[in-house]
Amino acid sequence: MKGLLKMSKSDKLILAIETSCDETAAAVIQYTPNTQWPKIKTLSSVVRSQIKLHAKMGGVVPEAAARAHVKNIQPVVKQALTASHLSLTAIDYIAVTQGPGLLPSLIVGVEFAKALSMTTKKPILPVNHMLGHLYSPLKDRVKNIFPQIALIVSGGHTILVLLENEKKYKVLGQTIYDAAGEAFDKVAKMLHLPYPGGPEVSKLATEGNKDAINFPRPMLNQKNYNFSFSGLKTAVLYYLQSLPATHYPLLTTANVCASFQNAVVDVLIQKTMRAAKEFKAKSVSLSGGVSANSELRNQLRNSCEQNHLELFVPAFNLCTDNAEMIGIAAAFMLHNGKKPVHYSKLEANSNLQL
Ligand code: KG4
Ligand code: ZN
């Protein structure tokens with residue numbers, strides 16, 4: 001028992017920190033080891049977004065993001081501890097996003113975590129941000145879900161993963177050029193929509209006709225599981241350039257959003273379903289910021305139902321960047337036998353691979 005918290009002797013408390021892009025986030029996670037499936041409870045989760053700051057510039061400015069992280073990290077961590085009714089001394093592990101992401105942003109979280117580790121002697125667990133997304137739909141115990149095909153769609157990455165079990169995974173394919181989230185953001189910019197573009201495009205898409213414009217489905221017919229949305233982005237640009245004016249009527253904007261979104265969703269779902277079939281998957285999971293997209297969630301749900309596959313989608317607050325998923329991934333890492341590292345050995349890595 002630590003303070004007011006109900007816990008057994010073997011339970012571990014993880015303070016998780018995430019600063020890979022434009023959200024400063026911290027969470028406290030309780031993890032019960034020695035169970036067949038890791039038992040994970042979220043005690044607190046705080047996310048401070050920098051949307052207002054970057055909206056003025058139309059996108060994330062890395063140096064401005066880093067400055068905002070520097071300002072926010074200490075109060076956000078303090079808030080997460082306060083909300084969990086715990087002090088830093090009660091924490092067993094410090095988990096921090098090591099990469100991938102924007103280097104100036106990552107450095108703030110990593111160096112803050114290292115300083116905490118140095119002064120408190122708490123062990124430190126470096127977490128791959130994409131592993132956070134990957135495990136975010138698997139927080140609660142579930143049976144017979146493997147093999148699972150996991151589709152991770154974030155701002156910078158689109159990755160298809162084969163999870164053989166909760167310990168063993170293999171990347172089947174990933175982004176060659178633009179990732180899905182990046183394409184959403186760039187198309188939003190072309191349409192003069194505010195930052196962040198993904199949610200704006202998806203909102204306007206509900207008012208448009210998804211069959212209005214026949215945009216290409218890049219790499220759909222290639223046998224591999226890689227993705228590239230740069231050709232689609234260029235097709236949208238050429239379409240807009242073919243129009244007489246540079247500011248478009250609402251219906252045109254809505255039709256572009258709906259048709260573009262449909263092309264992205266089509267590629268993502270068809271490749272995911274192909275992988276599910278090839279690897280005889282029992283379930284599919286969806287994660288990353290673009291998993292907040294309702295059309296993607298709905299169409300994937302339909303496809304999974306048709307193919308008798310169970311679908312795992314995280315709650316909306318776990319879709320876009322947060323520290324709770326970093327704590328969840330850290331709990332899975334401990335469950336899978338990963339050892340912490342000494343703080344002096346840890347460095348942020350903007351190109352960290354899954
Ligand atoms: O996972 P995430 O929060 O950050 C990264 O790890 O990159 O993903 C952010 C991405 C952005 O590109 C954003 O536009 C996109 O997720 N996004 C969406 C939606 N909500 C967020 N894209 C499409 N529809 C949405 N509803
Ligand atoms: Zn992310």
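About the criteria used
- Residues numbered from 1 in each chain as written.
- Chains lettered and ligands numbered in written order.
- Predicted model: local features only at pLDDT ≥ 70, side-chain atom pairs only at ≥ 80, totals over all residues.
- Heavy atoms only, no water.
- Near = heavy atom within 4 Å.
- Polar contact = N/O pair within 3.5 Å; in protein donor to acceptor, adjacent residues only side chain to side chain.
- 1 Å grid on protein atoms, 1.4 Å probe; cavity = no way out; pocket = protein on both sides within 12 Å on 5 of 7 lines; lining within 4 Å.
- Sits in = over half its atoms within 2 Å of the grid points.
- Nonpolar A, V, L, I, M, F, W, Y, C, P; charged D, E, K, R; others polar.
- Buried < 20%, exposed > 50% of the residue type's maximum accessible area, 1.4 Å probe, protein only.
- Helix = DSSP H or I, 4+ residues; strand = E, 2+ residues; numbered from the N terminus.
- Pairing = 2+ DSSP bridges.
- Expected span 1.5 Å × (residues − 1).
- Contact = heavy atoms within 4.5 Å.
- Axes fitted to C-alpha atoms, helices over the stretch in contact; angles between N-to-C directions.
- Parallel < 35°, antiparallel > 145°, perpendicular 65-115°, else oblique.

## Quick look at the site of ligand 1
Here is step 1 of the chain: Near ligand 1 you find 18 residues, and of these Gly 155, Asp 185, Gly 289, Asn 293 and Asp 321 are the closest.
Here is step 2 of the chain: Here Gly 289 contributes a backbone N or O atom positioned 3.0 Å from an oxygen atom of ligand 1.
Here is step 3 of the chain: Here an oxygen atom of ligand 1 and a side-chain polar atom of Asp 321 are 3.0 Å apart.
Here is step 4 of the chain: The pocket occupied by ligand 1, as judged from atoms lying within 2 Å of grid points, is the largest pocket.
Here is step 5 of the chain: Tallied by class, the residues present in the shell around ligand 1 amount to four nonpolar, 12 polar and two charged.

## Thoughts on the pairing of strand β1 (residues 12–18)
Here is step 1 of the chain: Burial within β1 is extensive, with six of its seven residues counted as buried.
Here is step 2 of the chain: Where β1 hands over to strand β2 (residues 23–32), the hairpin turn is made up of four residues, counted between the paired strands.
Here is step 3 of the chain: Sheet analysis places β1 next to strand β4 (residues 93–99), joined by four bridges and oriented parallel. Bridged to Ile 14 within β4 is Tyr 93.

## Details of helix α10 (residues 324–335)
Here is step 1 of the chain: With 12 residues, α10 should cover 16 Å at 1.5 Å per step; its first-to-last C-alpha distance of 17 Å lies within 8% of that length.
Here is step 2 of the chain: Judged by how many residues are buried, α10 sits mostly within the fold: 12 of 12 residues are covered.
Here is step 3 of the chain: Against β1, β2, β3 (39–49), β4, β5 (124–128) and α4 (129–135) lie the buried residues of α10.
Here is step 4 of the chain: Just downstream of α10, Gly 337 is the residue with a positive phi angle, here 90 degrees.

## Considerations on the sheet that holds β3
The pairing of strands in a sheet happens through backbone hydrogen bonds and is either parallel or antiparallel.
Here is step 1 of the chain: Spatially, five strands are ordered β3-β2-β1-β4-β5 in an open sheet, and the strand pairing comes out mixed. Strands with a single pairing partner mark the edges of an open sheet, and in this sheet they are β3 and β5. This sheet shows a mean twist of 20 degrees between the axes of neighbouring strands, independent of strand direction.
Here is step 2 of the chain: Across the sheet, helix α2 (residues 62–83) touches β1, β2 and β3, and the angle it forms with β2 is around 30 degrees.

## Thoughts on the packing of helix α5 (residues 180–190) against helix α7 (residues 230–241)
Here is step 1 of the chain: Relative to each other, α5 and α7 sit at 10 degrees, their axes nearing to 10 Å. The orientation of α5 relative to α7 falls into the category roughly parallel. The segment α5 lies against α7, with Lys 186, Val 187 and Met 190 engaging Lys 233, Val 236, Leu 237 and Leu 240.
Here is step 2 of the chain: Looking at the contact of α5 with α7 residue by residue, the class counts come to five nonpolar, no polar and two charged.

## Some points on unusual backbone geometry
Here is step 1 of the chain: Cis geometry is found at the peptide bond from Phe 146 to Pro 147, where omega equals 0 degrees.
Here is step 2 of the chain: Of note, Pro 147 is situated in the loop between α4 and β6 (148–153).
Here is step 3 of the chain: Geometrically, the link from Tyr 195 to Pro 196 is a cis peptide bond, its omega value of -5 degrees lying close to zero.
Here is step 4 of the chain: Topologically, Pro 196 is positioned in the loop between α5 and α6 (197–205).
Here is step 5 of the chain: Residues other than glycine seldom take positive phi values, yet His 308 does so here, at roughly 55 degrees.
Here is step 6 of the chain: Along the chain, His 308 falls in the loop between α9 (294–306) and β10 (310–312).
Here is step 7 of the chain: On the accessibility criterion, His 308 (73% relative accessible area) is exposed.

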